[in-house]
Each structure stands twice: as C-alpha cells, then as structure tokens.
Amino acid sequence: MPDIPAGDAEKGKKMFVMRCAQCHTAEAGGKNMQGPNLFGVMGRPTGQVPGFSYTEANRTRGITWTRETMFEYLENPKKYIPGTKMIFAGLKKADERAHLIAYIESCK
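Cut-offs and rules
Residues numbered from 1 in each chain as written. Predicted model: local features only at pLDDT ≥ 70, side-chain atom pairs only at ≥ 80, totals over all residues. Heavy atoms only, no water. Disulfide = S-S within 2.5 Å. Helix = DSSP H or I, 4+ residues; strand = E, 2+ residues; numbered from the N terminus. Buried < 20%, exposed > 50% of the residue type's maximum accessible area, 1.4 Å probe, protein only. Polar contact = N/O pair within 3.5 Å; in protein donor to acceptor, adjacent residues only side chain to side chain. Contact = heavy atoms within 4.5 Å. Core = buried A, V, L, I, M, F, W, Y, C linked by side-chain atoms within 4.5 Å. Phe/Tyr/Trp six-rings, centres within 6.5 Å; stacked < 30°, edge-to-face > 60°. Lys NZ or Arg CZ within 6 Å of the ring centre and 35° of its normal. Axes fitted to C-alpha atoms, helices over the stretch in contact; angles between N-to-C directions. Parallel < 35°, antiparallel > 145°, perpendicular 65-115°, else oblique. Left-handed = near helix turned anticlockwise from the far one by under 90°. Nonpolar A, V, L, I, M, F, W, Y, C, P; charged D, E, K, R; others polar. Salt bridge = Lys/Arg side-chain N within 4 Å of Asp/Glu carboxyl O.

A. The state of the cysteines, seen in detail. Evaluated as defined, the whole model comprises zero disulfides. With no disulfide of its own, C23 has C20 as its nearest cysteine by sulfur position, at a separation of 8.7 Å. Left without a disulfide partner, C107 is nearest to the cysteine sulfur of C20, which lies 10 Å away.

B. Region of interest: the side chain of T55. Its location among the elements puts T55 in the loop between α1 (9-19) and α2 (56-60). Taking the relative accessible area as the measure of exposure, T55 reaches 19% and is therefore buried. Looking at T55, its side chain comes within polar contact range of the main-chain oxygen of G83, at 3.4 Å. If sequence neighbours within four positions are ignored, T55 has contacts with G83, T84 and K85.

C. Quick peek at the nonpolar core. By size, the foremost hydrophobic cluster in this structure holds 23 residues, and its most contacted members are F16, W65, M70, Y73 and L100. At five residues, the largest contribution of residues to this core is made by helix α5 (residues 94-106). Excluding residues within four positions of it along the chain, L100 makes contact with G12, F16, C20, L74 and L91.

D. Just the packing of aromatic side chains, in detail. Applying the stated criterion to the full structure yields four aromatic pairs. Ring geometry for F52 and Y54: centres 4.8 Å apart, planes at 75°, overall edge-to-face. Like F52, the residue Y54 is buried in the burial classification. Through pairs of rings, three or more aromatic residues link up here, namely W65, Y73 and Y80. In this structure, R97 packs its charged tip against the face of F71, placed 4.0 Å from the ring centre.

E. Summary view of the packing of helix α3 (residues 67-75) against α5. Interhelical geometry of α3 versus α5 gives an angle of 130° and a closest axis separation of 10 Å. If you check the angle between α3 and α5, you find them oblique. You can see that α3 and α5 cross each other, and the crossing is right-handed. Residues R67, M70, F71, L74 and E75 of α3 lie in contact with α5, whose contacting residues are A94, R97, A98, L100, I101 and E105. Taken together, the residues of the contact of α3 with α5 break down into seven nonpolar, no polar and four charged.

F. Quick peek at the pattern of salt bridges. Following the criterion strictly, the structure yields two salt bridges and no others. Across the pair E96 and R19 runs a salt bridge, and its minimum N-O distance is 3.8 Å. Residue E96 is found in helix α5, and its partner R19 is found in helix α1; the two are separated by 77 residues along the sequence. Since its relative accessible area comes to 39%, R19 is described here as partly exposed.

Structural data, given as structure tokens:
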C-alpha cells in the first residue's frame, strides 16, 4: 500500500461539502441520506450504520474503516467494493484523499 500523505482536515471539510454532502452527513446524530451518516465511521466495520439500507456487498465486505482502507476505497469505490451502490467515481489525487480522510477522522 502506498504511503498516505498527511491530510489537512480544514481542506478535507471543504472537499466534503463540495463532493460528499449531497449524499452524506458527518455530524453526530446526522441523518442517513442517499449514503449513510459518516460520523464515527473510522474504526467501524463496513455496512454498520443503523437504519441505512446497504447492499450485500457493503454488509459482507469484512473490512474495518482505517486510514489505509479508506484511502484505497476513496480512489475507486466500485473497484474496492464491487456491488456497492455508491455512485461516486473516486478521487485520483492522493493528497485530496488524505485531506478528506483527515476531515472524516475528525468527525467523532
């Protein structure tokens, strides 16, 4: 796995608003939308947000969200979890993924 650059949570928050907030919330008690609420997602197994209708692929993937797994997932979600219903194409730039991860890590 490649080295993950240091991320900037403030840059990541801006990216979240522009790229993720149409489908996800990230605050405590936030609602599920087209995608699940991402508050506290780091350290949690895939497919575990109560009340969200995951695909079987997400429920049974068998990984835990860490910096490393999220970094790989965000590059190409459909490749990392074939069968996911997430329509996001991914972030090819490593620094953008690192910024977004830093923000997601701060949401706990």
